There are 4 protein chains.
Amino acid sequence: MKNRIDLSKYQVRTDLIIENIDKDLNKNNINTKVINDDLKVTTINVDDKLMGKLNKKIGTYITIEFSDITNHEDRVNVGDVFIEQVRLLIDKLGISEDDTCLVLGLGNKNSTADSLGPLVVDKILVTRHLFELGTNVKEGIRSVAAISPGVMATTGIETYDVIISLINKIKPKFLIVIDSLASSSIDRINKTIQLTDTGIHPGSGVGNNRREISLDTIGIPVIAIGVPTVVESTIIVSDTINYLFKHLSYIKNNYQMNKLIFTHNKDYLDSVSDDLSLAEKKEISGMLGELSDAAKRNLISEVLTSLDYNMIVTPKEIDFLIDNLGKVIAKGIDKSLHKVIDN
Amino acid sequence: MKNRIDLSKYQVRTDLIIENIDKDLNKNNINTKVINDDLKVTTINVDDKLMGKLNKKIGTYITIEFSDITNHEDRVNVGDVFIEQVRLLIDKLGISEDDTCLVLGLGNKNSTADSLGPLVVDKILVTRHLFELGTNVKEGIRSVAAISPGVMATTGIETYDVIISLINKIKPKFLIVIDSLASSSIDRINKTIQLTDTGIHPGSGVGNNRREISLDTIGIPVIAIGVPTVVESTIIVSDTINYLFKHLSYIKNNYQMNKLIFTHNKDYLDSVSDDLSLAEKKEISGMLGELSDAAKRNLISEVLTSLDYNMIVTPKEIDFLIDNLGKVIAKGIDKSLHKVIDN
Amino acid sequence: MKNRIDLSKYQVRTDLIIENIDKDLNKNNINTKVINDDLKVTTINVDDKLMGKLNKKIGTYITIEFSDITNHEDRVNVGDVFIEQVRLLIDKLGISEDDTCLVLGLGNKNSTADSLGPLVVDKILVTRHLFELGTNVKEGIRSVAAISPGVMATTGIETYDVIISLINKIKPKFLIVIDSLASSSIDRINKTIQLTDTGIHPGSGVGNNRREISLDTIGIPVIAIGVPTVVESTIIVSDTINYLFKHLSYIKNNYQMNKLIFTHNKDYLDSVSDDLSLAEKKEISGMLGELSDAAKRNLISEVLTSLDYNMIVTPKEIDFLIDNLGKVIAKGIDKSLHKVIDN
Amino acid sequence: MKNRIDLSKYQVRTDLIIENIDKDLNKNNINTKVINDDLKVTTINVDDKLMGKLNKKIGTYITIEFSDITNHEDRVNVGDVFIEQVRLLIDKLGISEDDTCLVLGLGNKNSTADSLGPLVVDKILVTRHLFELGTNVKEGIRSVAAISPGVMATTGIETYDVIISLINKIKPKFLIVIDSLASSSIDRINKTIQLTDTGIHPGSGVGNNRREISLDTIGIPVIAIGVPTVVESTIIVSDTINYLFKHLSYIKNNYQMNKLIFTHNKDYLDSVSDDLSLAEKKEISGMLGELSDAAKRNLISEVLTSLDYNMIVTPKEIDFLIDNLGKVIAKGIDKSLHKVIDN
């Protein structure tokens, strides 16, 4: 039985590099910039050494982490950082001012947690047709096309195929792709924007092994913008069990010390180490307590898969949060792509 | 001045063949089937002789006219006729039971009067991915893909280009295309479905001379399904002026005969001829009364164009009507394409 | 016949005072402030003398006219003027900083042209529950409730009844009401915001004689915010006929003078007077040319009513325009009501 | 520590009586009708004895359980049962054919998982205004009004207050109230419709102790229709832990018997008892294994509350499922309320 459980059959699915990085990551590869208490940017350069370690492609990964997006001030702050980072990526990739951009909004517009991409595309300033029709376009405006290719379940067509045929037809100089991601942590949901230049695997969310769209495969730069909007139910179960140990550890310590049991919160739980001994853990939760994180998740995933629980976990305010994120990202893309835009 | 006005510079734009047909059309080319007082199907076979006369491509044109779509019974009746006619077209075009279909919803989902195509695509049963993924699909289910290519104003890409690149990639055996049309008559708005096998000119609504998607150009059959959802403001002005003459004619006759002036309605006005003499018309409306319909429309269009009035005329209930039409057409397409479907 | 036509049975419906004002209106009653070429504010104080003349209630009427709302800069400018005017009204009405406000969004959210009110209510910052629940609310934030009472056709309840029962229950200190209006001019559609302190007649659009909600009837100030989003089809027909005369007048003059016929536009047509003599008008359009505007509209309305053409005329971009207007008005209300708001 | 954990501070929140019933419930109080493998109706009559046991009000509770709602046939079957049960309740409550009904759609239309009530109200046939306006209404049509009072977070007004003031104003003879519920079991989400005549506590979802709307308090019958659309994250964690024991139990047994480990599924897990001994459970999961369900949930809830994880768990297809449920319920209400309706 143990053998079976210990077998790490698969990694927990996460699309976020920030969830893979180790504390002892080489300082040359990682740069963190703290804007304020609620806003932080981490840039990770994955080179050939780091590639294997993180199981990620070589390239730049920018993670913008923020604590809130629901009020105006936060939206402005996150938006400013986002614009700065998109521009940095555009420069780094050698994209010039009049290179045509194709913006792709991945995901299903009719499924709230997966609707960010189509939402952004709906809000984007589109200009390519003006150039095509010979309209007089203001200086500083770039040629931008934008489309939502839909998802296979509603179009019957592989997203990859839709994208590739469009690229072949309209031949943009670079792509910007917006997608909803899965997170392996509840804390990041709707609170992280990840930018990379390493390409995308459209439809990979479904679990199939889809083809890659990247500089390597299509010959033009691809800027991928992702926001985690859901966690799998596996995650919330295993996260909760972990916090459970910390919770019990806390109670035990304070109980033993005859102190009043005051309410602790997430910050506290994150700060303390889970100082239960293995014996105590075993006492509390038996074999479960002895399992590694990966093993525990595998076991939970195994159960949930047996149950055919096709569940997602999202915040109650998901519709509102997605709407706010869509606005910040759409406006940010507009301002990054065009020199003179004012909206 | 007269010379100028009489010059018929252009035809009033209509996408509906039924609005072009003459009373003395050859009986061999036209077949009308009256289902009930509120439902009628007219099939017009345009051959090389008729082609020039009607300024329409050679092919079959089926016009389903109905007086209401807002209650369940009417929806069922219109739906049944629609399914029958789509099936007839499919048979006529030699499409076999397992030919893959690509359904295209033209128009702008965010503009109510232009949203019918995307709405239908949203409701269509999509199955192509099941075949592609090797899923076991029930006997009698056809492979169907469906996508809304958007409009150039919101994607920056010519709709024609999006469609052609998809067709080249996924190689369907035939197309079904749904689009919102312009009518040259207020009476037809949301009360007519036109089916043809003569192809489409995506984006032609904008006034540009776009390329054709038809059996001739892409080598596979194209079934176009169109519903008039708007009339141009030119139409409502000239229609009203015409009815004005009938109205005044009626009042004059009844006034002279010392009869009570009872309320007349549209049916009455449609049934009576406008029996004002040319002199009377001239008395009532001067030169306007002498103008031919085409000349009058040109004149009105000239004025409205000068004014840059980019107006549309729709019924107040447009949102509700489009929703009902979308349901009837989506369900009808499903039932026409698959043998065993039950929804 | 003439007698019949000349009878002005009813006024053309307009909800906008600006469309009723005369050129020789007393300068004491009217104040116009031109912000820039595209933005103008007209304040009309209707006193007991003006009341009869304009057929409007005694009170303040503020009309903000703008030429565009589709780009960021215009939205900011219109928004700033709007906020300033709402604040002026609030001050004038003696509303104090901590008076509770109830915001009402009239209209049908499912009918685009009538959806402005519900749209604004959806975007408004609502705070009343925080005060009720005893939450600690930031200084400078007012207690605001907001609700869309729906329309009788979809609720089965008179809008007036819904509003009155809510007012009696929650007892706000003043109301802000947002509604879509009808215009008697195509030019104003989505290009005018009217503010008044004279109250509203919910449901009056339907043609019924509904009860008034105003300071007089409910004892608290009512600020009504209206935007014309449609014109009746009668208007477009009669407007077009009027422009037709100017058009023909222009052509005639230039034709007689043997000049080249160059394209004229709306500004030109608005600037020139229609200098056709009555005889010429009669020549061109017979009796129609002799009719007064009111008589002409009555006649056209009579025809369209006979035809049961329940049509509205709106710009093609109505969905987009309403969305922009909703944002400007919602944000403007927030900034007018709260001292410290920043979104 | 144990003491603390064992303290059952509160019940897990569930709005569904079916989740409270015991296997040894008196046969007089419960009646189960199996329509087919996928459809079942359970009627529970809570009397004064059962009241205390189930912690539910005296009255009738009808639970319709179904396995799918996504295809046409299932929708028809569920719809038929739903109509039958609503009619039974109407009869039982002594409501006569021409009693006016007010339909209330509780919940937040802009939050998918909470949008069922407003969605149903949007689709309901509304007729009260026809009676009020003196329109000639077809025999067999009842007077029905329908409104969505919104939620306090978006209106700033207690839902209870909105409802009570409307009832006082329009004085219906009975209420039908539709609301989204929380479930204590993942399996029921979007797969159960509960009907009761015991009234509602609007806004109770927020955790506050709101006032009741019921026959007792407002003097007219109240039919409440609820569908569980979410479970709290607490539930999924504790459910998973329970299934984990069964899973491990299964593995252990089959492992010991040297059998092949074949895949089991939910049906299997539901059918087998968790036959681990207490010692084995303790071995596997320590103290966690020894806790009662209630204690386990309390512990988990305590942790998640500390973390301020305001999470909901829903199926990935929530948007689609809610849409289907809304159609079935709206059509069912129409057919239950009117004798002659056909849509």
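Calculation notes
- Sequence order sets the numbering: in each chain, residues are counted from 1 along the sequence as written.
- Labels follow written order: the first chain is A, the first ligand is 1, and so on.
- For this predicted model, a pLDDT threshold of at least 70 governs which residues receive local features, and a threshold of 80 or more governs which side-chain atom pairs are given and counted, while totals over whole chains, interfaces and linings are taken from all residues.
- As a rule here, side-chain values cover all heavy atoms of the structure and leave hydrogens and water aside.
- In this description a helix means any DSSP run of H or I spanning at least four residues, a strand means any run of E spanning at least two, and both kinds are numbered starting from the N terminus.
- Any residue under 20% of the maximum accessible area for its type is buried, any over 50% is exposed, and the rest in between are partly exposed; the area is computed with a 1.4 Å probe on protein chains only.
- The contact criterion used is simple: two residues touch if any of their non-hydrogen atoms lie within 4.5 Å.
- The copies were overlaid by least squares, fitting only the C-alpha atoms of residues that reach a pLDDT of 70 or more in each copy.
- In this description, a line fitted to the C-alpha atoms serves as the axis of each element, helices being fitted only across the stretch in contact, and the angle between N-to-C directions of two axes falls anywhere from 0 to 180 degrees.
- When describing relative orientation, an angle under 35 degrees is termed roughly parallel and one over 145 degrees roughly antiparallel, while 65 to 115 degrees is termed roughly perpendicular and anything else oblique.
- The hand of a helix crossing depends on one turn: near helix anticlockwise from the far one by less than a right angle means left-handed, and clockwise means right-handed.
- Amino acids are sorted into nonpolar (Ala, Val, Leu, Ile, Met, Phe, Trp, Tyr, Cys and Pro), charged (Asp, Glu, Lys and Arg) and polar (every other residue, Gly among them).
- Confidence of the predictor at the level of single residues is captured by pLDDT, which takes values from 0 to 100.
- Between Lys or Arg on one side and Asp or Glu on the other, a salt bridge is scored when a side-chain nitrogen of the former is within 4 Å of a carboxyl oxygen of the latter.
- Pairing between strands is defined by DSSP: at least two bridges between the two strands are required.
- Note on charges: Lys and Arg go in the positive column, Asp and Glu in the negative column, and His and the chain ends are not counted at all.
- Two N or O atoms form a polar contact when they lie within 3.5 Å of each other; inside protein one atom must be a possible hydrogen donor and the other a possible acceptor, and for residues adjacent in sequence the pair counts only when both atoms belong to side chains.
- Within this scheme, the nonpolar core is defined by two criteria: the residues are buried Ala, Val, Leu, Ile, Met, Phe, Trp, Tyr or Cys, and they are joined through side-chain atoms within 4.5 Å.

### Some details on the overall build of chain A
The secondary structure content of chain A amounts to 13 helices and nine strands. Residue burial in chain A is summarised as follows: out of 343 residues, 58% are buried. The long-range share in chain A, meaning contacts at least 24 apart out of those at least 6 apart in sequence, stands at 75%.

### A closer look at the relation of the copies chain A and chain B
Superposing chain A onto chain B takes a rotation of 180° combined with a translation of 0.0 Å along the rotation axis, leaving an RMSD of 0.1 Å. Such a turn and shift between the copies fits a two-fold axis. Every residue of chain A has its C-alpha some distance from the rotation axis, and the shortest such distance is that of S165 of chain A, at 2.7 Å.

### Notes on the side chain of S336 of chain D
Residue and element names in this part refer to chain D. Positionally, S336 belongs in helix α13 (residues 318-337). In this structure S336 comes out as buried when scored by relative accessible area, which is 8%. Aside from chain neighbours lying at most four places away, what touches S336 is I83, V86, R87 and I90.

### Focus on the packing of helix α4 (residues 116-123) of chain B against helix α13 (residues 318-337) of chain B
Geometry of a packed helix pair, given as the angle between the helix axes and the separation of the axes. Residue and element names in this part refer to chain B. Two numbers describe how α4 lies on α13: the axes approach to 8 Å, and their chain directions differ by 50°. Between α4 and α13, the angle is such that the two are oblique. The chirality of how α4 crosses α13 is right-handed. For the pair formed by α4 and α13, the contact residues are L116, L119, V120 and K123 on the first element and I322, D323, L325, G326, K327, I329, A330, I333 and D334 on the second. Class assignment of the residues belonging to the contact of α4 with α13 gives a composition of eight nonpolar, one polar and four charged.

### Quick notes on the confidence of the model for chain A
All names here are of chain A. Within chain A, residue pLDDT values average 81, and 77% of them lie at 70 or more. Within chain A, no element has a lower average pLDDT than helix α1 (residues 2-6), which sits at 26, and none a higher one than strand β4 (residues 101-105), at 98. Confidence over residues 1-13 falls short of pLDDT 50; this stretch has 32 contacts with residues more than four positions distant or in other chains. Scored below 50 in pLDDT, residues 255-264 makes nine contacts in the model with residues more than four places away or belonging to other chains.

### With respect to the pattern of salt bridges
With the rule as written, the count across this model stands at 48 salt bridges over all chains. K109 of chain B is paired through a salt bridge with D122 of chain A; the nearest N and O atoms lie 2.7 Å apart. Of this pair, K109 of chain B sits in the loop between β4 (101-105) and α4 while D122 of chain A is found in helix α4 (residues 116-123), placing the two residues in two different chains. Its salt-bridge partner being E132 of chain C, residue R128 of chain C comes within 3.8 Å of it at the nearest N-O pair. In this pair, R128 of chain C and E132 of chain C both sit in helix α5 (residues 128-132), four residues apart, roughly one turn of the helix.

### Concerning the pairing of strand β5 (residues 144-147) of chain A
Residue and element names in this part refer to chain A. Taking every second residue as pointing to the same face, both faces of β5 are buried, with V144 and A146 on one and A145 and I147 on the other. When β4 meets β5, the two strands line up parallel, connected through four bridges. By the bridge assignment, L102 is partnered in β5 with A145.

### Here's the deal with the side chain of D99 of chain D
Residues and elements named next belong to chain D. For D99, the location among the structural elements is in the loop between α3 (72-92) and β4 (101-105). Despite its burial, D99 pairs with no opposite charge; the closest candidate is K173, at 4.1 Å N-O. At 3.0 Å, the side chain of D99 forms a polar contact with the backbone nitrogen of S96. The contacts of D99, once residues within four sequence positions are left out, are R142, S143, K173 and F174.

### A closer look at the nonpolar core
Residue and element names in this part refer to chain A. In this structure, I64, V103, I176, I225, I329 and I333 are the most contacted members of the largest nonpolar core, which totals 42 residues. At nine residues, the largest contribution of residues to this core is made by helix α13 (residues 318-337). For I333, the residues in contact, after removing those within four places along its chain, are F82, V120, I124, I176, I178 and I225.

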